[in-house]
Amino acid sequence: MTLPKKGTRRVLFGETHYDWRIRKTPTYAQGVAHSPMLLAVQASEEVPRSVLVVDLGISRPDNWMAPHQTGVTPGIVRDVIRRALAAGWSPLGAGPPFHFRYAVEKETIGILFPEPKPKQTAPQRLRKTRVMRKLNKPVSRDSRRPASR
């Protein structure tokens, strides 16, 4: 089993490049926060390789029950790779997927104290349209462009 190339990100650990991926959309069980978010990692080499399947121990941030702001960064992926190698994962060798559990802390600051949204100003085009209406001039795309000769 290998990871598809589309949607993967690359991280360097030691002298080896690894591709990692999190499923784009949640499964139903992940959407209702019944099963945890999974991360898949494999070596980027074109030789037979084993896939590391990591149970991150938290629900997906886009779950339907209790959304949160937790993200997976390349630093977290490097730490996962380091700990999985110490636990016995052999990335360059054919074999079944290696299952590993890694606990990530849930980030809840954005949910408890949301930042206020900045005031939006009218775009420049709308302001110009209002001025043209006040002057009783027709507003069209051609009236905004200078005439070309």
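It should be noted that the structure appears before, not after, this text.
Here the residue numbering is sequential within each chain, running from 1 through the sequence in written order. The model is predicted, so local features are restricted to residues of pLDDT at least 70 and side-chain atom pairs to those at 80 or more, both for listing and for counting; the totals for chains, interfaces and linings are taken over all residues. Side-chain calculation: all heavy atoms of the structure are included, whereas hydrogens and water are not.

Let us now look at the nonpolar core. One broad rule of soluble globular proteins: the nonpolar side chains tend to lie buried together. In these notes, a set of buried Ala, Val, Leu, Ile, Met, Phe, Trp, Tyr and Cys residues joined through side-chain atoms within 4.5 Å is what counts as a nonpolar core. Between buried and exposed lies partly exposed: a residue is buried under 20% and exposed over 50% of the maximum accessible area for its type, with that area taken using a 1.4 Å probe on protein chains only. If you look at the biggest cluster of nonpolar residues, it comprises 21 residues, and the most contacted ones within it are Val41, Leu52, Val54, Leu56, Val77 and Tyr102. Mapped onto this core, the elements with two or more residues apiece are β2 (16-21), β3 (38-43), β4 (52-55) and α2 (74-87). A total of five residues in this core trace back to one element, the largest contributor, which is α2. Discounting residues that sit within four places of it in the chain, valine 54 has contacts with Met37, Leu38, Leu39, Val80, Phe100 and Tyr102. Strands here mean DSSP runs of E at least two residues long; helices mean DSSP runs of H or I at least four residues long; both are numbered from the N terminus. Every residue pair with non-hydrogen atoms within 4.5 Å of one another is taken to be in contact.

To continue, consider the environment of alanine 33. Mapped onto the fold, alanine 33 is located in the loop between α1 (28-31) and β3. Given the relative accessible area of 37%, alanine 33 is considered partly exposed. Remark: the alpha-carbon pair of alanine 33 and arginine 60, spanning 27 residues in sequence, is separated by 7.3 Å. Ignoring any residue separated from it by four or fewer positions in sequence, one finds alanine 33 in contact with Ser59, Asn63 and Met65.

Once that is clear, we can look at the layout of surface pockets. Computed over the protein atoms alone on a 1 Å grid, cavities are sets of points where a 1.4 Å probe fits but cannot get out and pockets are open sets with protein on both sides within 12 Å along at least five of seven lines; a residue lines them when it has an atom within 4 Å of a point. Grid points are joined across faces, edges and corners, and a volume is the space filled by probe spheres set on the points. Considering only enclosed or pocket space, the largest pocket measures out at about 220 Å³ in volume. In this structure, the largest pocket is lined by 12 residues; those nearest its centre are Leu3, Arg21, Arg23, Leu38 and Ala40. It is β3 that provides the largest number of residues to the lining of the largest pocket, a total of three residues. For the lining of the largest pocket, the residue count by class is eight nonpolar, two polar and two charged. Only Asp, Glu, Lys and Arg are considered charged in this grouping, and only Ala, Val, Leu, Ile, Met, Phe, Trp, Tyr, Cys and Pro are considered nonpolar; every other residue, Gly among them, is considered polar.

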